[in-house]
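# A structural walkthrough
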Amino acid sequence: MAAMLDETALSQALSGRRVLVTGHTGFKGGWLSLWLRRLGATVVGVALPPARRSFCTAVGIDRLIESRIGDIRTENTLREAIGGQDFDLVIHMAAQAIVRTSYEAPVDTYMTNVVGTAVVLEAARRMPSLGGVIVVTSDKCYDNREWVWPYRENDPMGGRDPYSSSKGCAELVAAAYRASFFSAAGGPQLATVRAGNVIGGGDWGTDRLVADLARSAGSGVPARIRNPVNVRPWQHVLEPVRGYLMLGAALLDHGARFAGAWNFGPGADADVNVGRLADLAVSKWQGECPDYIVERQDGAPAESVVLRLDSTKARAELRWQPLLHLEEAVAMTVDWYRAHRREPERIRAFSESQINDYAARWATGEDAAPAQAEKEVIATCA
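Residues numbered from 1 in each chain as written. Predicted model: local features only at pLDDT ≥ 70, side-chain atom pairs only at ≥ 80, totals over all residues. Heavy atoms only, no water.

## A few points about the overall build of the protein chain
Within the protein chain one finds 15 helices and twelve strands. The C-alpha atoms of the protein chain give 19 Å as radius of gyration, which agrees with the globular expectation for 382 residues (21 Å, within 12%). Based on the C-alpha atoms only, the size of the protein chain along its principal axes is roughly 55 × 45 × 45 Å. Counting all 382 residues of the protein chain, 57% fall into the buried class. (Helix = DSSP H or I, 4+ residues; strand = E, 2+ residues; numbered from the N terminus. Rg over C-alpha atoms; globule rule 2.2 N^0.38 Å. Buried < 20%, exposed > 50% of the residue type's maximum accessible area, 1.4 Å probe, protein only.)

This is the structure in structure tokens:
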């Protein structure tokens, strides 16, 4: 495979391609759709209606691509939303994405994340022009042993809460479809992707750390942090989105070599606990400084304490690597919220400028992350 070292090569691979994005009204799906449009792809999105306060609503994603409202949980509703259209690439991102919500609505979580994945894959395999499918799951799909070592793609699936379990199940559904329907030589291929804890402008979801701090900055009401010692692999949304786009292009151009599971995790400096991330975010707000309090809740749903990803495969096979240090990722995120608060009518242009700056960083070839061996030493000593 020719190395895809910058956005120009990515545009050459994806320009003119028809891409279906499920979940385009969500946070990551919105950023993905915005970048796909910039690359010249023809994007169709299928999702539930956007929340009143969301990246999609702020930027106007539904006016930039062909946006269709539909429910992925049944074949009929998805078929109606797609309307018989054919696609080169399907990127399935629609999901119930909140751990605590999965405790409140476990059946709906499984219906969306597991049954919905099967429904989307069933629709995809009937598309004549299909070249590839990417199913976006989560770093929480792994059987978490609470160890310090990063998880690799061949580690077992698991999940001790409904959300994590549903993502492990989605991986198993995708693996079964890959073996049964997406394994023919020269035919469409299927990959799954797992990212870290993603931050970035426009995430207004509940129980999202930076989103809670952004609300605090606007209201003066302190954000509440439940588990400040829990370690997560934090990364800016553009980092995994770039990985998904590179993988999609590789599936279309090179097929089976790029099928299977892929991790897109951050560099060594980004594996920090919740309290450290909160302090770093607060420090970037300048005069609009938010506040937070630690509020441990007795009987609260259990969450993983330590979680890290090994992205060696993506480095070696795709030539993907993190570009941003944690402090840069946090600064970009806070800058977005501050810009939205000052000039919400210009937030689309601001979002596009962040993609432009990030793509320029990519073109320099600078790698923000140390090698894996160094990463493990840092993680152990942290």
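Moving on from the model shown.
## With respect to the packing of helix H5 (residues 75–82) against helix H7 (residues 106–124)
If you want to describe how two helices pack, look at the angle between their axes and the distance between the axes. Relative orientation of the contacting elements H5 and H7 amounts to 50°, with a least axis distance of 10 Å. Relative to H7, H5 is oriented oblique. Here H5 runs over H7; the crossing is right-handed. Here H5 contributes Glu 75, Leu 78 and Ile 82 to the contact with H7, which in turn contributes Val 119, Val 120, Glu 122 and Ala 123. Class assignment for the residues of the contact of H5 with H7 results in five nonpolar, no polar and two charged. (Axes fitted to C-alpha atoms, helices over the stretch in contact; angles between N-to-C directions. Parallel < 35°, antiparallel > 145°, perpendicular 65-115°, else oblique. Left-handed = near helix turned anticlockwise from the far one by under 90°. Contact = heavy atoms within 4.5 Å. Nonpolar A, V, L, I, M, F, W, Y, C, P; charged D, E, K, R; others polar.)

## Quick word on helix H9 (residues 209–219)
Here H9 lies mainly inside the structure; eight of its eleven residues are buried. Residues Leu 209, Val 210, Ala 211, Asp 212, Leu 213, Ala 214, Ser 216 and Ala 217 constitute the buried set of H9. Along its buried surface, H9 packs onto strand S7 (197–199), strand S8 (223–225), strand S9 (231–236), helix H11 (274–283), strand S12 (292–294) and helix H13 (326–342). Gly 220 lies just past H9 and shows a positive phi near 80°.

## Describing the pattern of salt bridges
This model, assessed by the stated rule, comprises 17 salt bridges. The closest approach of N and O atoms between Glu 317 and Arg 257, which form a salt bridge, is 3.4 Å. Of the two residues, Glu 317 sits in helix H12 (residues 312–318) while Arg 257 sits in the loop between helix H10 (238–254) and strand S10 (260–264), which places them 60 residues apart along the sequence. Given the relative accessible area of 34%, Glu 317 is considered partly exposed. With a closest N to O distance of 3.0 Å, Glu 328 and Arg 361 form a salt bridge. Taken together, the positions of Glu 328 in helix H13 and Arg 361 in helix H14 (residues 347–364) put the pair 33 residues apart, joining distant regions of the chain. Look at Glu 328 and you get partly exposed, because its relative accessible area is 29%. Given the relative accessible area of 16%, Arg 361 is considered buried. (Salt bridge = Lys/Arg side-chain N within 4 Å of Asp/Glu carboxyl O.)

## As for the environment of Leu 324
Relative to the helices and strands, Leu 324 is located in the loop between H12 and H13. Considered as a pair, Leu 324 and Ala 97 are 227 residues apart in the sequence and their alpha carbons are 24 Å apart.

## Quick notes on the confidence of the model for the protein chain
Chain-level statistics for the protein chain give a pLDDT mean of 90 and a share of 92% at 70 or above. Taken as a whole, residues 371–382 scores under 50 in pLDDT and shows 14 contacts with residues more than four places along the chain or in a different chain. (pLDDT = per-residue confidence, 0-100.)

## Some remarks on the sheet that holds S9
Sheets are built from strands that pair by backbone hydrogen bonding, the pairs being arranged parallel or antiparallel. If you trace the three strands from one edge of the open sheet to the other, you get S7-S9-S11, paired in mixed fashion. Two strands bound the open sheet, and with one partner strand each, they are S7 and strand S11 (271–273). Averaged over all adjacent pairs, the angle separating strand axes in this sheet is 50°, with direction ignored. The pairing of S9 with S11 spans three bridges and is antiparallel. Looking at the pairing, Arg 232 lines up with Val 272 of S11. Lying on the sheet, H11 is in contact with S9 and S11; it crosses S11 at an angle near 90°. (Pairing = 2+ DSSP bridges.)

## Quick look at a nonpolar patch on the surface
Together, Val 107, Met 111 and Val 115 make up a nonpolar patch on the protein surface, roughly 240 Å² of accessible area in all. Tracing the backbone shows Val 107 in helix H7. (Patch = residues over 30% accessible without salt bridge, like charges linked within 9 Å, V, L, I, M, F, W, Y side chains within 5 Å. Areas by Shrake-Rupley, 256 points an atom, 1.4 Å probe, with all protein chains shown as cover.)

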